[in-house]
Amino acid sequence: MNDKKTPRRSAPYLQRLLGASLGGYLLASAWVVFCGALSRHAAESILAGMQVGLVIHVAAAIWSFSPMPLARMWLGLLVPAALLLAASGVLMHWRG
Amino acid sequence: MSTDASLTGAGTGGFRQAHAWLHTWCGLWFSWLLFAVFLTGTLAVFEEPITHWMTPEHHAEEAAAQQLAASAPASASLAQRLAWGTDYMREHHQGAAMWELWPSDATGAGDLRVYWFDSNRQYAAAQLSTRDGSPIQPAATPPVRGTQGGHHFVTFHYELHAGTAGLWIVGVAALAMLVALVSGVITHKRIFKDFFTFRARKGQRSWLDAHNAVAVLTLPFQFMIAYTGLALSVLTFLPAGVAVYYGTQKADRERFVAELNEPGKPEASGRAMEVPDLEPFVQRGQTLIGQPVRAVVIDHPGDAAARIGIYGWNEDADAHGRLSPTTGMAMFSAATGEVLQVRLPGAVDGGTPSLAQSVMGGLHMVPFGGLALKWLYFVCGLMGSAMMATGAILFMVKRRHRHQGEFGSATARVYRLIEGLNVAAIAGLGIACVGYLWANRLVPLGIAHRDDWEIGLFFGVWGLAVVHAWCRPPRSAWMEQLAVLAALCLLLPWLNLLTTGEMLVTQVLHGDWESAGVESVCIAAGVLAIWALRWLRHPEGRNQRTPRREKQGAATAMTAGTATAEVAE
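These figures come from a predicted structure and were not determined experimentally.

What to know about the overall build of chain B
Within chain B, the regular secondary structure consists of 22 helices and 8 strands. Burial analysis of chain B (569 residues in total) assigns 51% to the buried set. Across chain B, contacts joining residues at least 24 apart in sequence account for 68% of those joining residues at least 6 apart. For chain B, the accessible area works out to roughly 25,500 Å², and carbon and sulfur atoms hold 63% of it.

Let's talk about helix 19 (residues 474-500) of chain B
All names here are of chain B. Between its first and last C-alpha, helix 19 extends 38 Å over 27 residues, near the 39 Å set by a 1.5 Å rise per residue. The largest bend in helix 19 is about 45°, located at Leu-492, with the proline Pro-493 one to four residues further on. A positive phi of about 80° marks Gly-501, the residue just after helix 19.

Remarks on the pattern of salt bridges
Residue and element names in this part refer to chain B. The tally for this structure, following the rule as stated, stands at 11 salt bridges over all chains. As a salt-bridge pair, Glu-57 and Arg-145 come within 3.0 Å of each other at their nearest N and O atoms. Of this pair, Glu-57 sits in helix 3 (residues 56-71) while Arg-145 is found in the loop between strand 4 (135-136) and helix 5 (151-159), placing the two residues 88 residues apart along the sequence. The exposure class of Arg-145 is buried, given its relative accessible area of 8%. Its salt-bridge partner being Lys-250, residue Glu-254 comes within 3.4 Å of it at the nearest N-O pair. Of this pair, Glu-254 and Lys-250 are both found in helix 12 (residues 250-261), 4 residues apart, which corresponds to roughly one turn of the helix. We classify Lys-250 as exposed; its relative accessible area is 68%. Among the ionic contacts, a cluster of salt bridges with common partners joins Asp-87, Arg-90 and Glu-274.

Some thoughts on the sheet that holds strand 1 (residues 98-102) of chain B
Residue and element names in this part refer to chain B. Within the open sheet, the 8 strands sit side by side as 4-3-2-1-5-6-7-8. Their pairing is antiparallel. On the outer flanks of this sheet lie strand 4 and strand 8 (339-343), each paired with one strand and no other. As judged from the 4 bridges shared by strand 7 (residues 329-333) and strand 8, these two strands associate in the antiparallel manner. Each residue of the ladder has a partner; that of Met-329, found in strand 8, is Arg-343. Across the sheet, helix 4 (residues 78-92) touches strand 1, strand 2 (112-117), strand 3 (123-128), strand 4 and strand 5 (293-299), and the angle it forms with strand 2 is around 35°.

Regarding the confidence of the model for chain A
Residues at a pLDDT of 70 or more form 88% of chain A, whose mean pLDDT is 88. Low pLDDT, under 50, characterises residues 1-8 of chain A; the stretch is placed with 7 contacts to residues that sit more than four places away or in other chains.

Points about the interface of chain A and chain B
The partner chain B presents 48 residues to the 35 residues of chain A that form the contact. Here chain A is connected to chain B by 0 salt bridges. Seen at the junction of chain A and chain B, the total is 10 residue pairs in polar contact (both at pLDDT 80 or more). Secondary structure elements with two or more residues in the side of chain A that touches chain B: helix 1 (10-38), helix 2 (42-64) and helix 3 (70-95) of chain A.

What about the UniProt feature "transmembrane region" (unreviewed entry) in chain B?
What UniProt calls "transmembrane region" (unreviewed entry) maps, in this numbering, to residues 25-46, 165-186, 375-397, 417-438, 453-471, 478-496 and 516-536 of chain B. Measuring from the first to the last C-alpha atom of residues 417-438 of chain B gives 29 Å, for a span that is 100% helix and 0% strand.

Quick look at the confidence of the model for chain B
Residue and element names in this part refer to chain B. Looking at chain B, pLDDT values average 86 and 89% of them are 70 or higher. Long-range and interchain partners of residues 540-569, a stretch whose pLDDT sits below 50, account for 84 contacts in this model, where long-range means more than four residues apart. Scoring of the predicted complex yields 0.86 for pTM and 0.90 for ipTM.

Here's the deal with the domain arrangement of chain A
All names here are of chain A. Segmentation of chain A into domains returns domain 1 (27-65) and domain 2 (68-95). Its C-alpha centre places domain 1 at a distance of 13 Å from the equivalent point of domain 2. With 12 residues of domain 1 at the interface, the matching set in domain 2 holds 14 residues. Across the interface of domain 1 and domain 2, roughly 1,200 Å² is buried in total on both sides, 74% from carbon and sulfur atoms. Sorting the residues of domain 1 by area buried against domain 2 places Leu-27, Ala-37 and Trp-63 first, and these three jointly supply 47% of that buried surface.

Comments concerning the UniProt feature "transmembrane region" (unreviewed entry) in chain A
Annotation from UniProt places "transmembrane region" (unreviewed entry) at residues 20-39, 46-65 and 71-94 of chain A. This span, residues 46-65 of chain A, is 95% helix and 0% strand, and a straight line between its end C-alpha atoms measures 28 Å.

Calculation rules
- Residues numbered from 1 in each chain as written.
- Chains lettered and ligands numbered in written order.
- Predicted model: local features only at pLDDT ≥ 70, side-chain atom pairs only at ≥ 80, totals over all residues.
- Heavy atoms only, no water.
- Helix = DSSP H or I, 4+ residues; strand = E, 2+ residues; numbered from the N terminus.
- Buried < 20%, exposed > 50% of the residue type's maximum accessible area, 1.4 Å probe, protein only.
- Contact = heavy atoms within 4.5 Å.
- Areas by Shrake-Rupley, 256 points an atom, 1.4 Å probe, with all protein chains shown as cover.
- Expected span 1.5 Å × (residues − 1).
- Bend = angle between axes of the 7 residues up to and from the residue.
- Salt bridge = Lys/Arg side-chain N within 4 Å of Asp/Glu carboxyl O.
- Pairing = 2+ DSSP bridges.
- Axes fitted to C-alpha atoms, helices over the stretch in contact; angles between N-to-C directions.
- pLDDT = per-residue confidence, 0-100.
- Polar contact = N/O pair within 3.5 Å; in protein donor to acceptor, adjacent residues only side chain to side chain.
- UniProt positions renumbered as here; feature names shortened; annotations may be inferred.
- Domains from an automatic or database assignment.
- Buried area = accessible area lost by both parts, 1.4 Å probe.

Have a look at this one:
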């Protein structure tokens, strides 16, 4: 494969790196926001969310570099993040 | 790691191949920084002994203070000390938002100190005489040998002496380490079997086996130390939740921390009320928490809403048996004397997440378990360093005969860059660490910013090692840097004898085990560097070794930061 290296191959590599770093960070942050929305005593649940968020980021990085089409990789990162943020919005609105 | 790891690309091939690729490259690019973080973090376990060795002028003072304490007549009572502290604060810092009195040590003797927030909300301190309660003027003369001592290794290993930017860099590296560990486990189909496999004298195979053995043996420790290290600074790394529900200002973050750690902290009422006699509060507090008093903290002193907190001393024996290093605490309302809150030793004020956070701090910084556990952390940390070093070396050993052309026409130059970084990051960092100890004895006493000079020399020596490693052919670079490392390690006790007159034998005779330990570990590192050097110089001699000795040697040579590639091949 090394002799067939073409410039096009660096693009998916870069996208996976972006997925693992920024996508993973976005997902972990969305999770922390969601944890904060779960409880009225936000401080403790935000702390728990941050502790788990680190693990989520690692899992997201592993996910990003697993063999699958790039579109599926992005879906796997962005859909859960969007759902978590939407759920947080609904919970906060509901509480007022 | 499968042998065709690098022949697949990112996210291609089977699941295991894709992760072999991830493990190789994620591991490689972060291995040098992680090795530095791990080796200095490992040294940081013995921060106090290193500081002790680096402040020889204090040895006599320490001995004199101990003698004085033993022969001195009983000093003022607890009630008297508290009264002196309160009088001083009333007279000089009536308007401070917080007073903190440290009346004595756990036995009722020792110094009397007071702390407060000054008008800029900075923490300020004073020491009072335990004979008449008058303030003691701090000594005008700066310390003879200005040094950060072992604390340099602590600061370097989590923020590289670069503040928040350094904290983020180390944080990213720690996350990359977790990713590399997970992908390494995925790659490993025979994780248990590999642990018992060591094929000596097989070049690349031996490096792979050594890498697998140290990694698998200490895998739980490596996961734990990387995760708890990240978790300690998680407020910086994942601020989204705090930003959304509290705000993005510094004050908002403080409000979050206060809500976590000080639930129910009262607001000032605006009505004046003298701070009451503290002794009854201290007595009640000591009974409630079952510990002698360490500190008395008064929020809003002089206000009717004032709150008095009594904090306890953890005895060594207690602290050794507890993962959470918190002490006992009892809170009282100053006006009514009502108990507001009690925290038993080892517990936390909040719920499970707070307790988990406290325990993670304990797990990372190992205040429990005493000396035995510190040594266990030291050995596991060295094996973690060995994991990074063998991984980085294995990458190059694999490619020395067979270019894999990952970087197109630049491959040869990138390989050269990596070879040089391996030498400088492994042997060079060892030189910088022992060079820091040399700097402590050689930088003239009494010059301004002496501690910065020592740290500057640490970085300067390391920078020289980088330049040297790129200027010289890899094999020569390894041998020369190992020789310098061995010389600096083995000559350190002589340097100490020449500059302070102390030597290993007298240290042992005087029972100064901290200094003796520092020099012994240094000598051990020097011996290992010599061993690695001989191995590199006489590659044919390796054939006479038994496989078992080879295995131990390969692992321990790495651990001293003296990894040698099989450059000879």
